[in-house]
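Take a look at the letters that make up each chain.
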Amino acid sequence: MPGNTFQRVRDTLRERDPGSDGARRALRAGIVIPIVAVVSHLIASHLIASHLLAEGSQAPAFAVFGSISLLIVSNFPGPLATRALAFCGLAVTGAILITVGTLAAPYPWLAVLLCFAVGAGVSLLSVLSEIFAASQRATLMAFLLPVCTIPTGPVGDRLLGWLIALLICVPAALFLFPPRYGGELRTLAARVCTALADRIEGIAVPVPDPVPDPEADADADADADQVTVAMDALRRKFMGTAFRPIAMSAGSRALIRVVSNLQWLSARVGPDTALLLGPIAPLSVGVLRSSAAALTTPDAEHAEELNRAVAAHKLVAVTHYDNDIRDILDAPDDAAAAALGRVLLTRRTMTATIGLTGRIIASATAADSRPLWARLLGRQLPETGVADRVLGKRAAVRALSGYVSTRSATVLGSLRTGAALALALVATYVIPVQNGVWVLLGALSVLRSSAATTRVSAVRAVTGTAIGFALGAAVITVVGTDPTVLWTLLPIVAFGSTYVLAVGSFAASQAMFTMMVLIVFNMLHPIGWKAGLIRIEDIILGAAVGLMVSVLLWPKGAAAAVRRAIDAAMDSGADYLEGAVLRVTRGGSGAAGTVTDAELRELGRVALVDARTHVDAIRIYLAESNGVIDADLLDTANRIPRLRTASDLIADIVPPPPGPYPRARKVLEEHTSALCARLNGSDPNRSVPELSEEFVIALRNEADGPDAAIAALPLVTAAANIGELELMYPAEAGAASVSASVSASAENR
């Protein structure tokens, strides 16, 4: 029996901490935080004795809490260079915020305004990348601690403590038990590319799930193929957090679009795909395998190799499309031509998606392989089309205005965070508290996207804090406040606080953190178990403030934002799709009824902002769903990105000369109009005949001249994407019904 219990505990820890990175991080904190405490105490004592610091200097306190921010609160992902750059940014930002917070602290009105601005601004920046998201709380702590600590100490003392923490903790974070993961999104995407290539070639090699998921494993088929397993792991990684799991680099941001393409391919590539692709199959496999290599080793050499594979793939594909169109035009009758047309449109969509995936990965790899100066200045970005575009840092920052205009869940959450911190600071002025920073951190820790989820987290925070107080008070009652004992306990509680944060619940992490606070406070100012009681009072006050703000400001939270985001993404996606098709069928001359390139770019920009707003709202919603997954909601997360990808592919088409195939163009416009009516909900039941048959017959009736196939290719490319979208959004399950279903599900939550 004890053996079974131990086995279950070990299995649970493995599932929650794959690769033991949480344990390694906790071990690092357990070793380094006590060293910071000792070194800061010795340095401060020496400087006080030399009359360079005043008695009661706050340098040791800021050093200890700085080490907690650097080693426990922040956890930067990625390779060594990315993490080093992130710590450098946090070091500079922290020094600035400590200075600003210290100078603003004596002026309550200024401190409150800055608290709102810093809280909202730092939270909003987390949407840019996982680097910003990983440093969000550490950055906020760098401002909240000095602005709340009374009495206000000299700026120099506080910066000295921060410097001591940086000099010891940053090298330790980079080189002592460094994390084994790095670029997980790239690694998982590479596995999907390899699995897809294997499936097309008919190779069946089982691939273990790289990110174990107990819930997924319980329901999974034991014989799940490698594509399904690899794609499930990628989807869990991509949608499993409230922020986008990407770095700030242009290439990493571009890789976001790869996920939806791989999802689409995974659902459609099967044992007969090689037969469907015909002569293009080997080159498609080559693109997928080169993509996997570029994702695994993102350097200029692999980017160039992938570009060559994509170019060869495109050349052969265009040649065969030309032959396929001629076969359709030369078919003995319309029925045979329609059958060939269905195959051609399916093949065209499949190969276009494979080629686009390779182009995006090649562009992303080339962007991240630029010299450091070019990456910092946003120069030497690779030339791309619409579908595989790569945006620099400045473009990504400018895109934040789009989140504001769409009232995204991220923006609303940022404003709520700023308001909660500002109100919590006001509460510390009105209600005398000994440690105001814990009130603000309490409000920050319980705040969620809705009043209901905030209430649950508030109860858990108070419960966990009470448990931690009880345990810590019991320990201090037994061992007292003897410095030697407390120094001995510090590595243990530092390790426990960090490890429980990785593998335990929110309440458990609050309990362990409260125990560490008790130890640290008694090391700095021995007052016994009363420090824990003070923390409970502060957490209760902070939780109350957080709950009040969540009730007053957008209480429905992400649920309402998801409904709004779905409607907006469908509307703008329909406009972009219709504009892209009209540009192909009518040209972009600017005449009446046409769409110019500038107008199409603007439609694409709006659709991109709305699509990102939609995905980010779903992230936050799923992060707070407590394991309850809405199938309709997840379906929109897959289909809306595909709508934008199809529109991008059509927008990249060079319009044909205006004369040939007038009826085929009309058919394409009619089907696009019906599809867009279903997407935006204006006529969700509007239906039209099957596109492949109607379009192919129109082509055959209007074919004329030796160049008929060449003139038809742009129209066929657009028709392939429209036909695929018609299958995704049929008349009987239009956008309006999807949105209504998600709305009803969100209301029931």
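Rules and cut-offs
- Just so you know, the residues in each chain are numbered from 1, in the order the chain's sequence is written.
- Where local features are concerned, this predicted model is filtered to residues with pLDDT of at least 70; where side-chain atom pairs are given and counted, the filter is 80 or more; whole-chain, interface and lining totals use all residues.
- In computing side-chain values, all of the structure's heavy atoms are included and hydrogens and water are not.
- In DSSP terms, a helix is any run of H or I states spanning at least four residues, a strand is any run of E spanning at least two, and both are numbered starting from the N terminus.
- Burial classes follow relative accessibility: with a 1.4 Å probe on protein chains only, a residue under 20% of its type's maximum area counts as buried, one over 50% as exposed, and anything between as partly exposed.
- Contacts are assigned to residue pairs with any non-hydrogen atoms lying within 4.5 Å of each other.
- Whenever a carboxyl oxygen of Asp or Glu lies within 4 Å of a side-chain nitrogen of Lys or Arg, that contact is scored as a salt bridge.
- Only the stretch in contact is used when fitting a helix axis, every axis being a line fitted to C-alpha atoms; angles between N-to-C directions are given from 0 to 180 degrees.
- What sets the label is the angle itself: under 35 degrees gives roughly parallel, over 145 gives roughly antiparallel, 65 to 115 gives roughly perpendicular, and the rest give oblique.
- Definitions for this section: a left-handed crossing has its near helix turned counterclockwise from the far helix by less than a right angle. A right-handed crossing has that turn clockwise.
- Residues are grouped as follows: nonpolar covers Ala, Val, Leu, Ile, Met, Phe, Trp, Tyr, Cys and Pro; charged covers Asp, Glu, Lys and Arg; every other residue, Gly included, is treated as polar.

A short note on unusual backbone geometry
In this structure, histidine 51 is a non-glycine residue whose phi angle is positive, near 60 degrees. Tracing the backbone shows histidine 51 in the loop between helix H2 (21-49) and helix H3 (59-73). Residue histidine 51 is classed as exposed on the basis of its relative accessible area, which comes to 72%. Phi is positive for tyrosine 661, close to 60 degrees, though the residue is something other than glycine. In this fold, tyrosine 661 is placed in the loop between helix H29 (631-651) and helix H30 (662-680).

Digging into the side chain of arginine 348
With respect to the helices, strands and loops of the structure, arginine 348 is situated in helix H17 (residues 334-368). Aside from chain neighbours lying at most four places away, what touches arginine 348 is Tyr321, Thr717 and Ala720.

Some details on the pattern of salt bridges
With the rule as written, the count across this model stands at ten salt bridges. The partner of arginine 289 in a salt bridge is glutamate 201, and the shortest N-O contact between them spans 2.8 Å. With arginine 289 in helix H15 (residues 281-296) and glutamate 201 in helix H9 (residues 184-201), this pair connects stretches of sequence that are 88 residues apart. For arginine 289, a relative accessible area of 30% translates into the label partly exposed. Here arginine 663 and glutamate 670 are joined by a salt bridge, their closest N and O atoms 3.8 Å apart. Judged by its relative accessible area of 30%, glutamate 670 is partly exposed. Salt bridges sharing common partners tie together Asp198, Glu201 and Arg289.

Quick notes on the packing of H2 against helix H8 (residues 155-175)
Where H2 contacts H8, the axes come no closer than 10 Å and their chain directions differ by 150 degrees. Regarding the angle of H2 to H8, the classification is roughly antiparallel. Along this stretch, H2 crosses H8, giving a crossing that reads as right-handed. Of H8, the residues touching H2 (which contributes Arg28, Val32, Ile35, Val36, Val39, Ser40, Ile43 and Leu47) are Leu160, Ile164, Ala165, Ile168, Cys169, Ala172 and Ala173. Looking at the contact of H2 with H8 residue by residue, the classes come out as 13 nonpolar, one polar and one charged.

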